[in-house]
Amino acid sequence: MGLTIGVDIGGTKIAAGVVDEAGAILETSTVPTPPTPEGVVDAIAAAVRTVGAGSTAEAVGIGAAGYVDDKRATVLFAPNIKWRHEALKDKIEQRVGMPVVVENDANAAAWGEYRFGAGRGHEDVVCITLGTGLGGGIILGGRLHRGRFGVAGEFGHIRMVPDGLLCGCGSQGCWEQYASGRALVRYARQRAAADPERAAALLELGDGTPEGIEGRHVSEAARAGDPVAVDSFRELARWAGAGLADLASLFDPSAFIVGGGVSDEGDLVLEPIRKSFRRWLVGARYRPHARVVAARLGGRAGLVGAADLARQG
């Protein structure tokens, strides 16, 4: 199969792109993300028809944030869009007249990185995305590991702390409550509230209050060497690295790929993650270590990965 179309469903926009066999995006189209579940279906179809007009694209891959069934057809649960057992494959196929594959968005991004990004040259890769929450994907023996029911890789909801912080999923102590963009902001706000004098520079970037600190402020301050912001990144990295050490015990990959908005800060966050990973890796002195590397495709990973998964059939 030659050209395929990948779709990435975001909170504010839906992006579709024609992708070739080398992972290059040849053409893109974006539409605003509608507020209703059925409106999202219509918008996906419109974006696919627009970007596919005049092309020889043969199939469509859709990355959706949520649980996707083992047939890669139905979104079982997508909290942000309020899909419940949404027959997305059938609905889009009826509208665009091409075969459709539906995949979890983090799985799609992991596949994109494995095929065309930081995972090239590796057969066993685990990806984590440190964004607003924490997602991930697993590649074992060159194959995407989805689990029996299609919902493997939901790393953000591994319980790291028994009876810990309440998570949006309803559980307590989930990993994403300690290693995510939300966690980073919480760490910075807590530190600023406890020691406003030390956090003066960080507070000035917002509205002067701890509650006014946002993720972009923490990143900007950390790049400038602000101690409170740097400490906040280190706290996030401590939890992220400890979680990777646990995943190494489960999957023994040759590489961990760290993506998502938090990873855009490069070694500011990656080096302390590596340090924490080595600290908590069982038998670290006596075993090979997986590499911990930054994702390369950025925001394109999900679209490219979804398109390539459609090509795989």
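Residues numbered from 1 in each chain as written. Predicted model: local features only at pLDDT ≥ 70, side-chain atom pairs only at ≥ 80, totals over all residues. Heavy atoms only, no water.

Asks: Describe in detail the overall build of the protein chain, supporting the description with residues and values.
Replies: A count of helices and strands for the protein chain gives nine helices and 13 strands. Reported as C-alpha extents along the three principal axes, the dimensions of the protein chain are approximately 60 × 50 × 35 Å. Scored against the burial criterion, the 313 residues of the protein chain give a buried share of 53%. Considering only contacts within the protein chain whose residues lie at least 6 apart along the sequence, 61% involve residues at least 24 apart. As presented, the protein chain carries roughly 14100 Å² of accessible surface, and 50% of it is formed by carbon and sulfur atoms. Positive and negative side-chain charges of the protein chain, numbering 34 and 37 respectively, have mean locations separated by a distance of 4 Å. (Helix = DSSP H or I, 4+ residues; strand = E, 2+ residues; numbered from the N terminus. Buried < 20%, exposed > 50% of the residue type's maximum accessible area, 1.4 Å probe, protein only. Contact = heavy atoms within 4.5 Å. Areas by Shrake-Rupley, 256 points an atom, 1.4 Å probe, with all protein chains shown as cover. Lys, Arg positive; Asp, Glu negative; His and termini not counted. Charge placed at Lys NZ, Arg CZ, Asp CG, Glu CD.)

Asks: Explain the pairing of strand β12 (residues 255-259) residue by residue, including any values.
Replies: A large share of β12 lies buried, amounting to five of its five residues. Because side chains alternate across β12, one face comprises the buried residues A255, I257 and G259, and the other comprises F256 and V258, equally buried. Pairing between strand β9 (residues 125-130) and β12: five bridges, direction parallel. Residue pairing in the sheet places I128 in a bridge with V258 of β12. Here four bridges tie β12 to strand β13 (residues 291-294), and the two strands are oriented parallel to one another. (Pairing = 2+ DSSP bridges.)

Asks: Describe the nonpolar core, with residues and values.
Replies: Counting residues in each nonpolar core, the largest one holds 46 residues, and the members touching the most others are L130, W175, L244, F256, I273 and F277. For this core, the secondary structure elements donating two or more residues are β9, β10 (134-140), α4 (181-194), α5 (200-205), α6 (215-223), α7 (227-251), β12 and α8 (267-280). Of the residues forming this core, the biggest block, 13 residues, is contributed by α7. Once you skip the residues sitting within four places of it in the chain, I273 turns out to touch L130, A237, A240, G241, L244, V258 and V292. (Core = buried A, V, L, I, M, F, W, Y, C linked by side-chain atoms within 4.5 Å.)

Asks: Break down the sheet that holds strand β1 (residues 4-9) for me, with residues and values.
Replies: In a beta sheet, neighbouring strands pair by backbone hydrogen bonds and run either parallel or antiparallel. With mixed pairing, the five strands of this open sheet are ordered in space as β3-β2-β1-β4-β8. Pairing within the sheet leaves two strands with one partner each, and these edge strands are β3 (25-32) and β8 (100-104). With direction set aside, neighbouring strand axes in the sheet form an average angle of 20°. As paired strands, β1 and strand β2 (residues 13-19) are joined by six bridges and run antiparallel to one another. (Axes fitted to C-alpha atoms, helices over the stretch in contact; angles between N-to-C directions.)

Asks: Tell me about the pattern of salt bridges, residues and numbers included.
Replies: Two side chains of opposite charge can pair, provided their charged atoms sit close to one another. Evaluated as defined, the whole model comprises 18 salt bridges. Note that R216 and E214 form a salt bridge whose closest N and O atoms lie 3.1 Å from each other. According to the relative accessible area criterion, R216 is exposed, its value standing at 58%. The residue R238 makes a salt bridge to E235 at a minimum N-O spacing of 3.0 Å. Of this pair, R238 and E235 both sit in helix α7, three residues apart, which is roughly one turn of that helix. The class for R238 is partly exposed, based on a relative accessible area of 37%. Linked by salt bridges that have partners in common, E38, D42, E86, K91 and R95 make up one network. (Salt bridge = Lys/Arg side-chain N within 4 Å of Asp/Glu carboxyl O.)

Asks: So what's going on with the side chain of S180? Which residues, and what values?
Replies: Among the secondary structure elements, S180 is positioned in the loop between β11 (143-144) and α4. Residues within four places of S180 in sequence aside, it is in contact with G131, T132, G133, L236 and V262.

Asks: Tell me about the pairing of β3, residues and numbers included.
Replies: Along any regular strand, the residues point their side chains to alternate faces of the sheet. Relative to β3, β2 runs antiparallel, the two sharing seven bridges. Residue V18 lies in a different strand from β3, and its bridge partner there is E27. Following β2, the chain reverses through five residues before pairing antiparallel with β3; G23 in that reversal takes a positive phi of roughly 85°.

Asks: Account for helix α3 (residues 105-116), with residues named and values stated.
Replies: Over its twelve residues, α3 runs 16 Å from end to end, which matches the ideal 16 Å to within 8%, given 1.5 Å per residue. Within α3, ten of the twelve residues are buried, which leaves it mostly tucked inside the rest of the structure. Of the surrounding elements, those touching the buried residues of α3 are β8, β9, β10, β11, β12 and α9 (301-312). Where α3 begins, one side-chain oxygen reaches toward the backbone nitrogen of A106, 2.9 Å away; that side chain belongs to N104. (Expected span 1.5 Å × (residues − 1). Polar contact = N/O pair within 3.5 Å; in protein donor to acceptor, adjacent residues only side chain to side chain.)

Asks: Residue-level account of the layout of surface pockets, with values.
Replies: Considering only enclosed or pocket space, the second largest pocket measures out at about 230 Å³ in volume. Along the walls of the second largest pocket sit R72, E103, W111, G142, R143, L144, R146, L309, Q312 and G313, which together make up its complete lining. Taken together, the elements giving at least two residues each to the lining of the second largest pocket come down to β11 and α9. Tallied by class, residues from the lining of the second largest pocket come to three nonpolar, three polar and four charged. (1 Å grid on protein atoms, 1.4 Å probe; cavity = no way out; pocket = protein on both sides within 12 Å on 5 of 7 lines; lining within 4 Å. Points joined across faces, edges and corners; volume = space filled by probe spheres on them. Nonpolar A, V, L, I, M, F, W, Y, C, P; charged D, E, K, R; others polar.)

Asks: Pulling in residues and values, what's your account of the packing of helix α1 (residues 37-52) against helix α2 (residues 88-96)?
Replies: In a pair of packed helices, the angle between the axes and the distance between the axes together describe the arrangement. Viewed as axis vectors pointing N to C, α1 and α2 meet at an angle of 45°, and their least axial separation amounts to 10 Å. Between α1 and α2, the angle falls in the class oblique. As α1 runs across α2, the sense of the crossing is right-handed. Along its contact with α1, which presents E38, V41, D42, I44, A45, V48 and R49, the element α2 presents L88, K91, I92, R95 and V96. In terms of residue class, the contact of α1 with α2 is made up of seven nonpolar, no polar and five charged. (Parallel < 35°, antiparallel > 145°, perpendicular 65-115°, else oblique. Left-handed = near helix turned anticlockwise from the far one by under 90°.)

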